[in-house]
2 protein chains.
Amino acid sequence: MGSDPLSLFGRRLVQLRREKGWSQEKLALESGIARSYLGGVERGQRNIALLNICELADALAVPAGSLLEFERVEIP
Amino acid sequence: MGSDPLSLFGRRLVQLRREKGWSQEKLALESGIARSYLGGVERGQRNIALLNICELADALAVPAGSLLEFERVEIP
């Protein structure tokens, strides 16, 4: 787990998913994104593109921008 | 110009770029992203990925999430 944008995004996604009490499987089902791909995103291994970011935001019922709010909590 | 996420993102990018008084050329230089690719992004023709979104945000000195704030101004 690093502080690069992909890892930060992955951790933010895990956080939002857990706030809903959802498993990766549930989020995969709701977003239409493969669970194995989601796992890679959550581990910071995938450079996810805008349309999929929006699919995840829609599934989680959050504004797309909130998935990128990790920049506000970066370690100084 | 549609209301799909790629077009909305493109328009938001144009808005933030113009707020700085920057040309596409200037943003390309500052972000390290090719001007021709930026043009496609601004026209909503490119499914830009997270690392490039973060490069643009850094260049524009805005939080990455603010590039996705178009969802807050969608037409009802």
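Here, every reference points to the structure presented above.
Attention here is on the structure that accompanies the text. As the structure is a computational prediction, the values presented were derived from the model and not from experiment.

**Overview of the relation of the copies chain A and chain B**
Right, on to step 1. Here chain A sits on chain B after a turn of 180 degrees about the axis and a move of 0.0 Å along it, with an RMSD of 0.0 Å. Here the two chains are linked by the operation of a two-fold rotation axis.
Right, on to step 2. A shared interface surface links the copies, since 100% of the contact residues of chain A are contact residues in chain B too.

**A few points about the packing of aromatic side chains**
Right, on to step 1. Taken as a whole and assessed by the stated rule, the structure comprises zero aromatic pairs over all chains.
Right, on to step 2. Note that Lys20(A) overlies the ring of Trp22(A), its terminal NZ or CZ placed 5.2 Å from the centroid.

**Considerations on unusual backbone geometry**
Peptide bonds are, in most cases, trans, and in most cases residues other than glycine have a negative phi.
Right, on to step 1. One non-glycine residue, Ala61(A), adopts positive backbone phi at about 60 degrees.
Right, on to step 2. The residue Ala61(A) is located in the segment after α4 (50-60) in this model.

**A word on the interface of chain A and chain B**
Right, on to step 1. Between chain A and chain B, the contact holds 18 residues from the first and 19 residues from the second.
Right, on to step 2. Across the contact surface, chain A and chain B share six residue pairs in polar contact (both at pLDDT 80 or more).
Right, on to step 3. Mapped onto the side of chain A that touches chain B, the elements with two or more residues apiece are α1 (5-19) and α4 of chain A.
Right, on to step 4. Per-element accounting of the side of chain A that touches chain B gives the leading share, four residues, to α4(A).
Right, on to step 5. Tallied by class, residues from the side of chain A that touches chain B come to 13 nonpolar, two polar and three charged.

**Focus on the pattern of salt bridges**
All names here are of chain A.
Right, on to step 1. Under the definition given, this model contains eight salt bridges over all chains.
Right, on to step 2. Two residues, Arg35 and Glu25, come together in a salt bridge whose shortest N-O distance is 3.9 Å. Here the residue Arg35 occupies a position in helix α3 (residues 35-42), and Glu25 occupies one in helix α2 (residues 24-31), the gap between them amounting to ten residues.
Right, on to step 3. When its relative accessible area of 48% is taken as the criterion, Glu25 is described as partly exposed.

**Overview of the side chain of Arg17(A)**
Residues and elements named next belong to chain A.
Right, on to step 1. Summarising the element assignment, Arg17 is placed in helix α1.
Right, on to step 2. Engagement of the side chain of Arg17 in a polar contact is seen with the side chain of Glu42, the distance being 2.7 Å.
Right, on to step 3. Excluding residues that lie within four positions of it along the chain, Arg17 makes contacts with Trp22, Ser23, Gln24, Leu27, Glu42 and Leu60.

Cut-off values and rules
- Residues numbered from 1 in each chain as written.
- Chains lettered and ligands numbered in written order.
- Predicted model: local features only at pLDDT ≥ 70, side-chain atom pairs only at ≥ 80, totals over all residues.
- Heavy atoms only, no water.
- Least-squares fit on C-alpha atoms with pLDDT ≥ 70 in both.
- Contact = heavy atoms within 4.5 Å.
- Phe/Tyr/Trp six-rings, centres within 6.5 Å; stacked < 30°, edge-to-face > 60°.
- Lys NZ or Arg CZ within 6 Å of the ring centre and 35° of its normal.
- Helix = DSSP H or I, 4+ residues; strand = E, 2+ residues; numbered from the N terminus.
- Polar contact = N/O pair within 3.5 Å; in protein donor to acceptor, adjacent residues only side chain to side chain.
- Nonpolar A, V, L, I, M, F, W, Y, C, P; charged D, E, K, R; others polar.
- Salt bridge = Lys/Arg side-chain N within 4 Å of Asp/Glu carboxyl O.
- Buried < 20%, exposed > 50% of the residue type's maximum accessible area, 1.4 Å probe, protein only.

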